[in-house]
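Examination of the molecular architecture
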Amino acid sequence: MVKAVVLGAAGGIGQPLSLLLKACPLVDELSLYDVVNTPGVTADLSHISSIAKITGYLSPDDGLKKALTGANVVVIPAGIPRKPGMTRDDLFKINAGIVRDLVQGIAENCPKAFILVISNPVNSTVPIAAEVMKKAGKFDPKRLFGVTTLDVVRAETFVQDITGEKDPSKTVIPVIGGHSGETIVPLFSLAKPKVNIPADKLAPLIKRVQFGGDEVVEAKGGAGSATLSMAYAGFRFAEKIIKAMKGEKGIVEPTYVYLPGVNGGDVVAKENGVDYFSPSGAEKANNILSELDDNEKELLEVCVKGLKGNIEKGVDFVHNPPPK
Ligand SMILES: NC(=O)c1ccc[n+]([C@@H]2O[C@H](COP(=O)([O-])OP(=O)(O)OC[C@H]3O[C@@H](n4cnc5c(N)ncnc54)[C@H](O)[C@@H]3O)[C@@H](O)[C@H]2O)c1
Ligand SMILES: O=C(O)C[C@H](O)C(=O)O
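Rules used in this analysis
Residues numbered from 1 in each chain as written. Chains lettered and ligands numbered in written order. Predicted model: local features only at pLDDT ≥ 70, side-chain atom pairs only at ≥ 80, totals over all residues. Helix = DSSP H or I, 4+ residues; strand = E, 2+ residues; numbered from the N terminus. Rg over C-alpha atoms; globule rule 2.2 N^0.38 Å. Buried ≥ 20, exposed ≤ 12 C-beta atoms within 10 Å, placed from the backbone. Contact = placed C-beta atoms within 7 Å. Near = placed C-beta within 6 Å. Nonpolar A, V, L, I, M, F, W, Y, C, P; charged D, E, K, R; others polar. Core = buried A, V, L, I, M, F, W, Y, C linked by C-beta atoms within 7 Å. Pairing = 2+ DSSP bridges. Axes fitted to C-alpha atoms, helices over the stretch in contact; angles between N-to-C directions. pLDDT = per-residue confidence, 0-100. UniProt positions renumbered as here; feature names shortened; annotations may be inferred. Right-handed = clockwise from strand over helix to strand, strands pointing away. Arc of directions from axis to C-beta.

A word on the overall build of the chain. Of regular secondary structure, the chain possesses 12 helices and 10 strands. For 324 residues, the compact-globule estimate of 2.2 N^0.38 gives 20 Å, and the chain sits close to it at 19 Å. Each of the three principal axes of the chain carries a C-alpha extent, and together these read 60 × 45 × 45 Å. Expressed as a percentage of the 324 residues in the chain, the buried residues total 48%. Relative to all contacts within the chain whose residues are 6 or more apart in sequence, the contacts with residues 24 or more apart total 69%.

Listed below in structure tokens is the structure:
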């Protein structure tokens, strides 16, 4: 029995993500929660003739508790998106509190659920979620993930201009680090199958993956950030988690985790000097750092510098919250 929950279900990501989960035959029950418009989204999706039984809640009358009770997988795209000129870190002021309160709800109502954090800045919101779960005595690092799949999807897509591969998803590109600008480190040297990228094309390709989010924010001109590609990526990751829950082995997907708590992560943490990082797999933190080429090692140094501040900010927010 799989119960999936979307927190922020009426938003730009929440709606298409809920659609994909509703249509997924692996989901038995889908519960939607938002502070606005959940009844409409729920009524609309309830007409789809798929297996998942759907319920939707707003915040009054214990809506969050009702949505979360019995959940196995909780996906969180709640919070404000960027406008042109903003960084993801500019979202911290509002989204930090939203994620903290929603994760508190998870700690109280479904502490064993897998938690998939989409809300930005992911580099900080995942440490926030971890600290909330730790404070409640419920933290299981193997069940908390920052969703960085969109960076992987972008790397697969953008490299297609060079490979000419008909189906972009056939080229596997590990993307490690975090989820913002230079903290995103795509490893094209480790692509499978191998790709030959002309020297003059590599730097622009890496930059495009790192700043792909800005491309969408600019194109939307103030109407938000990536929603449809994020719903695709969020669903792709959620589906892999559900498959792993059901016992499927050998699933490898980069995701931002608390390293010391995941298999093999302590080695990666020690080598990098950061506790939160996206290694190359979700089931196991494959230590591929020794396989990076010199350029990727330099990118990793910059990444780790950026991550340190983002992580500290998230941890500090839970222990020293700003006055309301
Ligand atoms: N991880 C990634 O790769 C990635 C990609 C794209 C966007 N994002 C982030 O996802 C978040 C959502 O983006 P969006 O475009 O869907 O924004 P949106 O504004 O369209 O939707 C956000 C939804 O969250 C809801 N919400 C706000 N406070 C809430 C609360 N306390 N409880 C429940 N719901 C609440 C809003 O009502 C809204 O429906 C943003 O922070 C954005 O930066 C992350
Ligand atoms: O760029 C953003 O703000 C949204 C998201 O993190 C993205 O990578 O598209």
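Bringing the site of ligand 2 into the picture now. If you check the shell around ligand 2, you find Arg-82, Arg-88, Asn-120, Leu-150, Gly-213, Val-216, Val-217, Ser-225 and Ala-226 and nothing else. A total of three residues in the shell around ligand 2 trace back to one element, the largest contributor, which is helix α9 (residues 212–220). For the shell around ligand 2, the class distribution of residues is four nonpolar, three polar and two charged.

So, on to the site of ligand 1. Ligand 1 sits among 33 residues. The nearest are Gly-8, Gly-11, Gly-12, Ile-13 and Asn-120. When residues of the shell around ligand 1 are assigned to their parent elements, the largest contribution, three residues, is made by helix α4 (residues 92–109).

Counting residues in hydrophobic clusters, the biggest one holds 91 residues, and the most contacted among them are Val-74, Ile-115, Leu-116, Val-117 and Ala-129. Examining the composition of this core, we find that eight residues originate from one element, α4, more than from any other. Leave out the neighbours within four places in its chain, and Leu-116 touches Val-73, Val-74, Val-75, Ile-76, Phe-145, Val-147, Phe-237, Ala-238 and Ile-241.

The six strands are arranged β3-β2-β1-β4-β5-β6 in an open sheet whose pairing can be described as parallel. Each of the sheet's edge strands pairs with one partner strand only, and the pair in question is β3 (53–57) and β6 (144–146). Ignoring strand direction, the axes of neighbouring strands in this sheet form an average angle of 15°. Alignment of strand β4 (residues 73–76) against strand β5 (residues 114–117), held across four bridges, turns out to be parallel. Of the residues in β5, the one forming a bridge with Val-75 is Leu-116. On top of the sheet, helix α5 (residues 122–135) reaches β5 and β6; it is set at about 165° to β6, its chief contact. Contacts from helix α10 (residues 228–245) reach β1 (3–7), β4 and β5 within the one sheet, and its direction differs from that of β4 by about 165°.

As a further point, take the confidence of the model for the chain. Interpreting fine coordinate detail is not advised for predicted regions of low pLDDT. The share of residues in the chain with pLDDT of 70 or more is 98%, and the mean pLDDT across the chain is 95. Of all the helices and strands in the chain, helix α11 (residues 265–272) carries the lowest mean pLDDT, 82, while helix α1 (residues 14–23) carries the highest, 99. Here the predicted complex carries an ipTM of 0.99, next to a pTM of 0.97.

As a further point, take the UniProt feature "domain: Lactate/malate dehydrogenase N-terminal" (unreviewed entry) in the chain. UniProt's feature table lists "domain: Lactate/malate dehydrogenase N-terminal" (unreviewed entry) at residues 3–146, given in the numbering used throughout. Between the end C-alpha atoms of residues 3–146 the distance is 20 Å, and the span holds 39% helix and 18% strand.

For the rest of this paragraph, the subject is the pairing of strand β2 (residues 29–33). Most of β2 sits inside the fold, with four of its five residues counted as buried. Across five bridges, β1 lies against β2 in parallel orientation. When the sheet's bridge partners are listed, Ala-4 is paired in β2 with Leu-30. Crossover β1 to β2 through α1 is right-handed. For β2 and β3, the ladder comprises five bridges, and the chain directions are parallel. Across the sheet, residue Ser-31 finds its bridge partner in β3, namely Thr-55. In this region the chain leaves β2, passes through helix α2 (residues 38–45) and returns to the parallel neighbour β3; the handedness of that crossover is right-handed.

Let's shift gears to α9. Those residues of α9 that fall on the buried side of the exposure criterion are Gly-212, Gly-213 and Val-217. Here the buried residues of α9 occupy an arc of 140° about the axis, which is enough to place them on one side. Opposite the packed face of α9, turned more than 90 degrees from it, sit the exposed residues Glu-215 and Ala-219. Looking at the buried side of α9, the elements it contacts are α6 (149–158) and α8 (199–210). Of the residues one or two after α9, Gly-221 is the one with positive phi, at around 55°.

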